[in-house]
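Here is how the chains run, residue by residue.
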Amino acid sequence: MMWLNRRRHNINTLQLPTKGGLGQKLLAVIMSSASLKEMRNGGEDYSNGHGGGGVRDLYGEDCATEDQLITPWTFSVASGCSLLRDPRYNKGLAFTEGERDAHYLRGLLPPAIFNQELQEKRLMHNLRQYEVPLHRYMAMMDLQERNERLFYKLLINNVEELLPVVYTPTVGEACQKYGSIFRRPQGLYISLKEKGKILEVLKNWPEKSIQVIVVTDGERILGLGDLGCQGMGIPVGKLSLYTALGGVRPSSCLPITIDVGTNNEKLLNDEFYIGLKQKRATGQEYAELLEEFMHAVKQNYGEKVLIQFEDFANHNAFDLLEKYSSSHLVFNDDIQGTASVVLAGLLASLKLVGGTLVDHTFLFLGAGEAGTGIAELIALEISKQTKAPVEETRKKIWLVDSKGLIVSSRLESLQQFKKPWAHEHEPVKSLLDAVKAIKPTVLIGSSGAGKTFTKEVVETMASLNEKPLILALSNPTSQSECTAEEAYTWSKGKAIFASGSPFDPVEYEGKLFVPGQANNAYIFPGFGLGLIISGAIRVRDEMLLAASEALAAQVSQENYDKGLIYPPFSNIRKISAHIAAKVAAKAYDLGLASHLPRPKDLVKYAESCMYSPGYRSYR
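Residues numbered from 1 in each chain as written. Predicted model: local features only at pLDDT ≥ 70, side-chain atom pairs only at ≥ 80, totals over all residues. Heavy atoms only, no water.

- The chain is annotated in an unreviewed UniProt entry as Malic enzyme of Glycine soja.

Here it is as structure tokens:
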């Protein structure tokens, strides 16, 4: 191991300053580290067995309590300017007097000392001064690149306020302008230029113990279309939520963008576009690049690395999930994550609308990844509850695409993933006519097209149902099928409403309605943590059902009294721990878990594995 020479220290007998100012040889520091000994011992003691997110904690950082001393090193001892420039160890003005002496920080910082709480207060004050959401996003990204622990502390403690900043809807605008706001790479870019050497590219990433990869090819970013290489904002945003909401340590997360070109003419003609300036590769060229990527990931990181596909276009998303689900630990958030969070909302809503799932009729606007994914999971849950075959339970669910209601007379012209939803019915062209014909109790929008739940559609739903359930799931806000205010006003306060993007509470005829948010962030961080702590090697539908049921169980009576079908995000780390426990339990039950023996209390174990962003004290 190479060590950087430090002032006043001979490189052969490197001394580390201690709190009392006396030197101590590096070997003695390593050998006497209690946290490392405890880490090696493992065992049922959850505080020492694993670090945050289930990763072995090589330096005792996360096994240590916040008042225990650690040494801030990676491959060299961080000191002075190098320490301030390392976002993982930088504490800004929170360095104590002793730390400033020990690590050559005197004069590099102003004399004031701010603890982490005061830093958080100051930064939130500054963020609230920005009137443009994109400026808040950029400020948060700057913070992440400067002081990692403070970034996550801020996000965890202010999740409801900052979630729309680091993720939807603001991340959509950030992706559109990513070329202009790009400062430094936050993940790996793998383009057609790297074909044949993807394994070498993966080895360029400095972290070796990767447990979660979020990858996109940028072809269908939210409801904004093909943003090519600029889609990197999505994996970066998703993985920041894996850490903040699911407790997976940031060093074990890897954002990746696969750049095969773009069909977006505006980007191809933009001198500031950061990706390949060519039309998208398709067919065999595309398949070979993805095949090499998937093989290289498994070779470099092992069988248990979770690969989350994000914002791939329909024609690739379904194929990739089907092709690799039997050989890799893969998860598609648009298909499976959306389905799980929506199913959770439906299960929770039964307490408000009455009956069981089989008593309801579902109509979807949108038959892409999200729509068919949700529909299939609903059918599986009904099948589980009624013991009826899934082919039968699908008949409770109807889908409308751009050509109208999906019916059996259209079977030959339908894409493969739509065919299970082609039921016997005369052709119907418009959504309004479909609502009148099918008489659904639940209307779900996953079309990516804004303003499609019109006044007539909502009024018809309200005339057919005492409490119509209306879910406008498309992101960002501009693409939502209707707003919360429209849903409550047009239904005369009868609707139970949830959306994909956040909406403010609405007052209608003296009553305050609080819209729910069917945000995938409820599911995927806890789901991923469950896979990690169990050492799962494959994802199965039963795990998704378990995650949905765990989320629905977290909705309290107080939430129901406000008309909410999702719990508040302020409790998200607790919610994620419960989801992780249920997913891990299902992995053990199915024989897909490799971390043995099975912990006795999976909720406590999940909580013990969560990354904590509090500052550590340095020797």
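**Examining the packing of helix α20 (residues 431-438) against helix α21 (residues 455-464)**
Now for step 1: It is at 9 Å that the axes of α20 and α21 come closest, and there the two elements cross at 5°. Classified by the interaxial angle, the pair formed by α20 and α21 is roughly parallel. Where α20 approaches α21, its residues Leu-431, Leu-432, Val-435 and Lys-436 are matched on the opposing element by Glu-456, Val-457, Thr-460, Met-461 and Leu-464.
Now for step 2: A per-class count over the contact of α20 with α21 returns 6 nonpolar, 1 polar and 2 charged. (Axes fitted to C-alpha atoms, helices over the stretch in contact; angles between N-to-C directions. Helix = DSSP H or I, 4+ residues; strand = E, 2+ residues; numbered from the N terminus. Parallel < 35°, antiparallel > 145°, perpendicular 65-115°, else oblique. Contact = heavy atoms within 4.5 Å. Nonpolar A, V, L, I, M, F, W, Y, C, P; charged D, E, K, R; others polar.)

**So, the packing of aromatic side chains**
Now for step 1: What the rule picks out here adds up to 14 aromatic pairs.
Now for step 2: Seen from their ring centres, Tyr-488 and Phe-513 are 4.8 Å apart, and the 25° between their planes marks the pair as stacked. Of this pair, Tyr-488 sits in helix α22 (residues 484-490) while Phe-513 sits in strand β16 (residues 511-513), and the two are 25 residues apart along the sequence. Of the two residues examined, Tyr-488 and Phe-513, each falls in the buried class.
Now for step 3: Positioned over the ring face of Tyr-618 is Lys-91, at 4.6 Å from the centre of the ring.
Now for step 4: Arg-394 extends its terminal NZ or CZ atom over the ring of Trp-421, reaching a point 5.7 Å from the ring centre. (Phe/Tyr/Trp six-rings, centres within 6.5 Å; stacked < 30°, edge-to-face > 60°. Buried < 20%, exposed > 50% of the residue type's maximum accessible area, 1.4 Å probe, protein only. Lys NZ or Arg CZ within 6 Å of the ring centre and 35° of its normal.)

**A closer look at the nonpolar core**
Now for step 1: Grouped together as the largest cluster of nonpolar side chains are 123 residues, with contacts concentrated most on Tyr-137, Ile-378 and Phe-527.
Now for step 2: In this structure, Phe-527 is in contact with Phe-331, Val-539, Met-543, Leu-544, Ala-547, Ile-579 and Val-583, ignoring residues within four places of it in sequence.
Now for step 3: Core analysis: the next-biggest nonpolar cluster, separate from the first, contains 36 residues, Ile-190, Tyr-286, Val-297 and Val-305 among them. (Core = buried A, V, L, I, M, F, W, Y, C linked by side-chain atoms within 4.5 Å.)

**Describing the sheet that holds strand β7 (residues 306-309)**
Now for step 1: The 5 strands are arranged β4-β6-β5-β7-β8 in an open sheet whose pairing can be described as parallel. If you trace the sheet from one side to the other, it starts and ends with β4 (188-191) and β8 (329-332), each paired once. Each strand of the sheet is rotated relative to its neighbour by a mean of 25°, with strand direction disregarded.
Now for step 2: When β7 meets β8, the two strands line up parallel, connected through 4 bridges. When the sheet's bridge partners are listed, Phe-309 is paired in β8 with Asn-332.
Now for step 3: Set on the sheet, helix α15 (residues 283-301) makes contact with β4, β5 (212-216), β6 (253-259), β7 and β8; between it and β6 the angle comes to about 160°. (Pairing = 2+ DSSP bridges.)

**Notes on the UniProt feature "binding site: (S)-malate" (unreviewed entry) in the chain**
Now for step 1: When the UniProt feature table is mapped to this numbering, "binding site: (S)-malate" (unreviewed entry) covers Arg-220, Asn-475 and Asn-519.
Now for step 2: Structurally, Asn-475 is set in the loop between β13 (469-472) and α22.
Now for step 3: Of the polar contacts made by the side chain of Asn-475, one reaches the side chain of Ser-501; its length is 2.5 Å.
Now for step 4: When its relative accessible area of 3% is taken as the criterion, Asn-519 is described as buried.
Now for step 5: Residues contacting Asn-519, with those up to four places away along its chain left out, are Leu-163, Thr-168, Val-341, Gly-500 and Phe-569.
Now for step 6: Within the structure, Asn-519 has its side chain in polar contact with the backbone nitrogen of Ala-521 (distance 2.8 Å). (UniProt positions renumbered as here; feature names shortened; annotations may be inferred. Polar contact = N/O pair within 3.5 Å; in protein donor to acceptor, adjacent residues only side chain to side chain.)

**Digging into the pattern of salt bridges**
Now for step 1: Evaluation of the coordinates by the stated rule reveals 28 salt bridges.
Now for step 2: The residue Lys-177 makes a salt bridge to Glu-173 at a minimum N-O spacing of 2.8 Å.
Now for step 3: Given the relative accessible area of 38%, Lys-177 is considered partly exposed.
Now for step 4: The network of salt bridges with shared partners includes Arg-220, Asp-311, Asp-334 and Glu-369. (Salt bridge = Lys/Arg side-chain N within 4 Å of Asp/Glu carboxyl O.)

**Quick word on the sheet that holds strand β10 (residues 397-401)**
Now for step 1: With mixed pairing, 7 strands are arranged side by side in an open sheet as β11-β10-β9-β12-β13-β14-β17. Among the strands making up the open sheet, the edge pair consists of β11 (404-405) and β17 (516-517).
Now for step 2: In the sheet, β10 pairs with β11 via 2 bridges, with the strands oriented antiparallel. By the bridge assignment for β11, Asp-401 is matched with Gly-404.

**Digging into the pairing of β7**
Now for step 1: Alternating positions in β7 separate into two faces, Leu-306 and Gln-308 on one and Ile-307 and Phe-309 on the other, with burial throughout.
Now for step 2: Of the pairings in the sheet, the one linking β5 to β7 comprises 4 bridges and is parallel in character. Each bridged residue has a counterpart across the sheet, and for Val-215 the counterpart in β7 is Phe-309.
Now for step 3: Tracing the backbone out of β7, into helix α16 (residues 314-324) and back to the parallel element β8 gives a crossover that is right-handed. (Right-handed = clockwise from strand over helix to strand, strands pointing away.)

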